[in-house]
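Spelled out from the first residue to the last, the chains are:
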Number of protein chains: 2
Amino acid sequence: MKVFILGGDGFCGWPTSLHLSNLGHDVTIIDNLSRRNIDNELEAGSLTPIQYMGTRQKAWKEVSGHDIRFERLDVAKNYHRLLTLIQDEKPDAIVHFAEQRAAPYSMKSSAHKRYTVDNNLNATHNVLAAIVESGLDVHLAHLGTMGVYGYGTAGMKIPEGYLPVEVTTDDGTRVRQEILYPANPGSIYHMTKTQDQLFFAYYAKNDHLRITDLHQGIVWGTHTPETDQDERLVNRFDYDGDYGTVLNRFLMQAAVGYPLTVHGTGGQTRAFIHIRDTVRCIQIALENPPEKGERVKILNQMTETHRVRDLAKIVADIADAEIAYVDNPRNEDPENELHVQNDLFLDLGLEPTTLEAGLLEEVTSVARKYAHRADRAKIPATATWTERQKPGVPPGDD
Amino acid sequence: MKVFILGGDGFCGWPTSLHLSNLGHDVTIIDNLSRRNIDNELEAGSLTPIQYMGTRQKAWKEVSGHDIRFERLDVAKNYHRLLTLIQDEKPDAIVHFAEQRAAPYSMKSSAHKRYTVDNNLNATHNVLAAIVESGLDVHLAHLGTMGVYGYGTAGMKIPEGYLPVEVTTDDGTRVRQEILYPANPGSIYHMTKTQDQLFFAYYAKNDHLRITDLHQGIVWGTHTPETDQDERLVNRFDYDGDYGTVLNRFLMQAAVGYPLTVHGTGGQTRAFIHIRDTVRCIQIALENPPEKGERVKILNQMTETHRVRDLAKIVADIADAEIAYVDNPRNEDPENELHVQNDLFLDLGLEPTTLEAGLLEEVTSVARKYAHRADRAKIPATATWTERQKPGVPPGDD
């Protein structure tokens, strides 16, 4: 299969590129290196020593014998170049990670909100418009987020994309309909993913594009079998208050002796998936595309749910760390339940990496190993959702 | 009241600006003149001889004694200038018309799709981000479209924005919820308005912005009491295949002896409102804003529904014209019912101008009066939704 990976330099994109290349697929990474450039803005880099793309490509060729092609372009801006690449290379599938993906970053200021909206929506729309203009039947697999659903339900498991509802008609009869699950995003970033869903629904309906939308949980872990083969292939590990996801932040905090910062009561329940399972899910999604004319295929790409304070306790126990309950910089419910259907991937053969089995390795092989590279000052989450919230800084550290 | 009218040079924006100014409000028009510039691209201008903004301002001052201020800027691009204007002028309300509003134009090519998405989404988001950044409590009234609902229902009247549904929980009990009516847009243009709804829902929830979203039907008519006072104040009348809405197109076709082009069977039912009622609805919306912290207030801004072939017959009878059933360039259901709730505006005192009462005046005072300015070649709708559709050109005219 010939596959374009948009955003293939990022935390999920890079291991996905290696995984698909390792399976023998012809992989082209398309990326504007925005994630690396944002490191420069935030003055916080990957904990792991990620290498330049040229070094990554060379190392992968040495290790696997496979070439990965790299095209540096901005999918949200360089439409014509994207179109020409599609027309010339005729990919079978495009995996679309090319969006700004941190909720806190999207809330830092008006400029960050506007960048996230402009970048994410134009990137997604350009890909769709380019596929239509090419006239080719390219399967698009997009990385969405569990956050499109929001974190409250009426008491049923969150389904995979579509919700059966009943409406009462004017003559009093009840009619059953299946609708796109009502969106309830918790940040500007999440909002753009709910708007992406409307792009996909329209292009699937009007142009019969084949589209898979993967509603992913919070990704944890760093290594995959492919990135593990050479240190030059190492994946990103973000620990800072903007890009570090909750579990990685806890691991890092434990490794450097910083208290694990739990926002509010820590009663927020979230969905998780290991990066090893992310890359396998994308493989499975590419091997099982929707039919032409079918509605958007939506799968929940997560394997387990945990309450944040429980996660903190697990990490604190493994790594002998303190927990600090701090202000919640986010505007969200302090406590929520979360029950999620993920039968589609399990039925297609996914065997989840459990937190229980994988967490200790993360502590030793990543967080402790690279702890000397961390800047403590970058750890707390400081972007607040409105002026009503405060940064999540432990006492004595602000 | 101090009011900014974004897109105040356009078909709805200009008469709204005059109407609010006439009521004694302090009106500032913000516009990048994009609609006039698109005339140059399409080589099809307003049937009515609209004047430059400077002439319009001067005429209005002479007629009414009121000043209308004009700021030329691009709301989708010139964020900082917009923010500064809000901070300096502290408007009580902003009326947001600053979007590309023609479905056929949005479907003409990839470039037109991309322009519509980029312009409309960034314009709406910039306004929201600027209001939040200003820290002011500005009421935002946005012009949406009935097209966000789509044109099929499960058998009930389309409600005003929110749909009561029942979901079945895991233990079998039914729970009633009220959700944003599931979006089903029929073009890229309509899709952007469904995405606007998600912007509004998020900013109302997170930042407690006061937002009114007006889901407007197809606007017909040209003159309002204010534009009628001086020919230099005349409003736009678009008759071309991209911007001419169905009723104006029929009126024009009748006036120049061109057959009334009905797409497909003409079985499409649509909602309508006269431009005189549009400006009154906006006045009513500004006088009845939502409370801070309230969800987005959604009103259906339409007064009657008609099937397209019935409209054609009415116009043909009044103006003694022929009807031609032509290919439908749009990808849509050939026939649909449409029943719409519009109680909110009626309860607030709107007295609709009926098609029956107003149509003959349009034929004589606009279409026939300015028929000599029309270019017949620009009349048929040529933008097709996909390669499967064909332009709506009558036999012998293609």
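Scope of this entry: the structure provided in the associated data block. Since the model is a prediction, treat every value here as computed from it, not as a measurement.

All names here are of chain B. Across the sheet, three strands lie side by side as E9-E11-E13; this open sheet has mixed pairing. Either end of the sheet is taken by a strand with one partner, and the two such strands are strand E9 (218-220) and strand E13 (304-307). Direction aside, the axes of adjacent strands within the sheet are offset by 45 degrees on average. Its contacts with the sheet place helix H9 (residues 275-287) against E9 and strand E11 (269-274), and it is angled at close to 75 degrees to E11.

Residue and element names in this part refer to chain B. Inspection of every chain in the model, using the stated rule, returns 54 salt bridges over all chains. Between Asp-238 and Arg-35 there is a salt bridge, and its shortest N-O distance comes to 3.1 Å. Within this pair, whereas Asp-238 is found in the loop between E9 and helix H8 (246-256), its partner Arg-35 is found in helix H2 (residues 34-42), the two being separated by 203 residues in sequence. Look at Arg-35 and you get buried, because its relative accessible area is 10%.

Residues and elements named next belong to chain B. Most of H8 is tucked away, with nine of its eleven residues classed as buried. Of all the residues in H8, the buried ones are Val-246, Leu-247, Asn-248, Arg-249, Phe-250, Leu-251, Met-252, Gln-253 and Ala-254. If you follow the buried residues of H8, they end up packed against E9, strand E10 (260-263), E11, helix H10 (308-319) and helix H12 (355-368).

Take the packing of H8 of chain B against H12 of chain B next. Residue and element names in this part refer to chain B. In the contact formed by H8 and H12, the axes pass within 10 Å of each other and the chain directions differ by 50 degrees. The orientation of H8 relative to H12 falls into the category oblique. The hand of the H8/H12 crossing is right-handed. On H12, the residues that touch Leu-247, Leu-251, Met-252 and Ala-255 of H8 are Leu-355, Leu-359, Glu-362, Val-363, Ala-367 and Arg-368. Classifying every residue of the contact of H8 with H12 by side-chain character gives eight nonpolar, no polar and two charged.

The next point concerns the relation of the copies chain B and chain A. In screw terms, the move from chain B to chain A is a rotation of 180 degrees and a rise of 0.0 Å along the axis, fitting with an RMSD of 0.0 Å. As the rotation angle and translation indicate, the two copies are arranged about a two-fold axis. Mapped onto chain A, 100% of the interface residues of chain B are again interface residues, and the two copies thus contact each other with one and the same surface.

Residues and elements named next belong to chain A. The sheet built from seven strands is open, its strands ordered E3-E2-E1-E4-E5-E8-E12 with parallel pairing. With one partner strand each, in any of the chains shown, strand E3 (69-72) and strand E12 (297-301) form the two edges of the open sheet. Strand-to-strand twist in this sheet, taken as the mean axis angle between neighbours without regard to direction, amounts to 20 degrees. Here strand E1 (residues 2-6) pairs with strand E2 (residues 26-31) via five bridges, running parallel. By the bridge assignment for E2, Phe-4 is matched with Thr-28.

Here we come to the environment of Ser-34 of chain A. Turning to its location among the elements, Ser-34 of chain A is positioned in helix H2 (residues 34-42). Sequence separation between Ser-34 of chain A and Arg-176 of chain A is 142 residues; the distance between their C-alpha atoms is 45 Å.

Let us now look at the side chain of Arg-210 of chain B. Residue and element names in this part refer to chain B. Positionally, Arg-210 belongs in the loop between helix H7 (188-207) and strand E8 (211-216). Residue Arg-210 is classed as buried on the basis of its relative accessible area of 14%. Separated by 2.9 Å, the side chains of Arg-210 and Asp-137 make a polar contact. Not counting the four nearest positions on each side in its chain, Arg-210 is found in contact with Asp-137, Val-138, His-139, Leu-140, Pro-289, Pro-290, Glu-291 and Lys-292.

Rules used throughout
Residues numbered from 1 in each chain as written. Chains lettered and ligands numbered in written order. Predicted model: local features only at pLDDT ≥ 70, side-chain atom pairs only at ≥ 80, totals over all residues. Heavy atoms only, no water. Pairing = 2+ DSSP bridges. Helix = DSSP H or I, 4+ residues; strand = E, 2+ residues; numbered from the N terminus. Axes fitted to C-alpha atoms, helices over the stretch in contact; angles between N-to-C directions. Contact = heavy atoms within 4.5 Å. Salt bridge = Lys/Arg side-chain N within 4 Å of Asp/Glu carboxyl O. Buried < 20%, exposed > 50% of the residue type's maximum accessible area, 1.4 Å probe, protein only. Parallel < 35°, antiparallel > 145°, perpendicular 65-115°, else oblique. Left-handed = near helix turned anticlockwise from the far one by under 90°. Nonpolar A, V, L, I, M, F, W, Y, C, P; charged D, E, K, R; others polar. Least-squares fit on C-alpha atoms with pLDDT ≥ 70 in both. Polar contact = N/O pair within 3.5 Å; in protein donor to acceptor, adjacent residues only side chain to side chain.

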